[in-house]
Amino acid sequence: MSQRQSIRRALFAAILLALNLAAVAAAQTATVELDAREAPRHVLHAHLVLPAQPGPLTLLYPKWIPGEHGPTGPLNGVVGLHFRSQGHELEWRRDPLDMFTFHLEAPAGASAVEADFDFLIPAEEGNFTAGASATQELAVISWNQVVFYPQGPPTDQLSYQASLRLPAGWKLATALPVTGEQGEAVSFGAVSLTTLVDSPVLAIAVQRYQRRYGDFLNHTVTVEVQAQGMTGAGITPLLLVG
């Protein structure tokens, strides 16, 4: 066998391995457990379980966010980041060229890597999901703030299942399918990472206002309006029922 044929075979095997690992990652569901009970203090606590195979693993923090038209992912809000697998802390390093990329090694026998970190919600004005989004009585939770995902598969092919804990008495509205509620904890059905990032949660401590419209293209359209009082959103009873 010539050297050229050997190189081709090795390259072909590497491509097959990469495709296989991407398919495995895409077929499994990652979980996101988000504790937002300290949202009024501008702090979110995230615990992720990400499917993984033993060996090198590259994880990405969302950089390009739908509707933001730029590499505006709020990475500077991530603090206290730890990766673990099989009960052991994993070393990680930031990519020298792209600060949204993280490299680590999943140990032998690993089927998942866990990530724990806090996200500090900005208190000052800013652009998009990098701006202020929480008060003492209201929070807008954007999932792109609290997820990592494996490099390779398209986000449409990555499955994520989220759960959320809110401060006592708070209510929420979201396009995500709710599969269970117990106390302050709410569980959502599995969706693609694309859908998750495109489905923020509106959470509020006081009354929420809802208007349900009739069918539109065979879908029922519901508008959720939340504010710290009706005047905060320019809401009038006529607007709600009209």
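What you see is a predicted model, and the numbers here were worked out from it, not measured in a lab.

**Here we look at the pattern of salt bridges**
Here is step 1: With the rule as written, the count across this model stands at six salt bridges.
Here is step 2: The partner of Asp98 in a salt bridge is Lys63, with the nearest N and O atoms 3.3 Å apart. Of this pair, Asp98 sits in the loop between strand S6 (92–94) and strand S7 (101–106) while Lys63 sits in the loop between strand S3 (55–60) and strand S4 (78–85); the two residues are 35 residues apart in sequence, bridging distant segments of the chain.
Here is step 3: A salt bridge links Glu89 to Arg84, with the nearest nitrogen and oxygen atoms 3.3 Å apart.
Here is step 4: Given the relative accessible area of 45%, Glu89 is considered partly exposed.
Here is step 5: With relative accessibility at 30%, the residue Arg84 sits in the partly exposed group.
Here is step 6: Among the ionic contacts, a cluster of salt bridges with common partners joins Arg84, Glu89 and Asp116.

**Focus on the layout of surface pockets**
Here is step 1: Its volume calculated, the second largest pocket comes out at about 260 Å³.
Here is step 2: Lining of the second largest pocket is provided by 16 residues; of these, Trp170, Lys171, Leu172, Glu181 and Val186 occupy positions nearest its centre.
Here is step 3: Where the lining of the second largest pocket is concerned, the elements lending two or more residues are strand S12 (171–173) and strand S13 (178–182).
Here is step 4: Class assignment of the residues belonging to the lining of the second largest pocket gives a composition of nine nonpolar, three polar and four charged.

**Concerning the sheet that holds S12**
Here is step 1: If you walk across this open sheet you meet the three strands as S9-S16-S12, and the pairing is antiparallel. The outermost strands of the open sheet, each flanked by one partner alone, are strand S9 (138–141) and S12. Pairs of neighbouring strands in the sheet enclose a mean axial angle of 20°, with direction left out of account.
Here is step 2: Sheet topology places S12 next to strand S16 (residues 201–204); three bridges connect them, and they run antiparallel. Bridging across to S16, Leu172 finds its partner in Ala203.

**Concerning the sheet that holds S3**
Here is step 1: Read from one edge of the open sheet, four strands run S6-S7-S3-S10, paired in antiparallel fashion. Every interior strand has two partners, whereas the edge strands, S6 and strand S10 (149–150), have only one.

**What about the packing of aromatic side chains?**
Here is step 1: Summed over all chains, the structure comprises eight aromatic pairs.
Here is step 2: Ring plane angle 25° and centroid distance 6.4 Å describe the contact between Tyr61 and Phe100, whose orientation is recorded as stacked. Here Tyr61, found in the loop between S3 and S4, pairs with Phe100, found in the loop between S6 and S7; they are 39 residues apart in sequence, far enough to count as distant. You'll find Tyr61 and Phe100 in the same group, each marked buried.
Here is step 3: Among the aromatic side chains, those forming a connected cluster through ring pairs are Tyr61, Phe83, Trp92, Phe100, Phe102, Phe117 and Phe148.

**Focus: the pairing of S3**
Two faces, one strand: in a regular strand the side chains alternate between the faces of the sheet.
Here is step 1: The element S3 is extensively covered by neighbouring structure, given that five of its six residues are classed as buried.
Here is step 2: Pairing of S3 with S7, which is carried by six bridges, proceeds in the antiparallel orientation. Bridge pairing links Gly55 to Ala106 in S7.
Here is step 3: Where S3 meets S10, two bridges bridge the pair, whose relative direction is antiparallel. Bridging across to S10, Leu59 finds its partner in Pro150.

Calculation notes
Residues numbered from 1 in each chain as written. Predicted model: local features only at pLDDT ≥ 70, side-chain atom pairs only at ≥ 80, totals over all residues. Heavy atoms only, no water. Salt bridge = Lys/Arg side-chain N within 4 Å of Asp/Glu carboxyl O. Helix = DSSP H or I, 4+ residues; strand = E, 2+ residues; numbered from the N terminus. Buried < 20%, exposed > 50% of the residue type's maximum accessible area, 1.4 Å probe, protein only. 1 Å grid on protein atoms, 1.4 Å probe; cavity = no way out; pocket = protein on both sides within 12 Å on 5 of 7 lines; lining within 4 Å. Points joined across faces, edges and corners; volume = space filled by probe spheres on them. Nonpolar A, V, L, I, M, F, W, Y, C, P; charged D, E, K, R; others polar. Pairing = 2+ DSSP bridges. Axes fitted to C-alpha atoms, helices over the stretch in contact; angles between N-to-C directions. Phe/Tyr/Trp six-rings, centres within 6.5 Å; stacked < 30°, edge-to-face > 60°.

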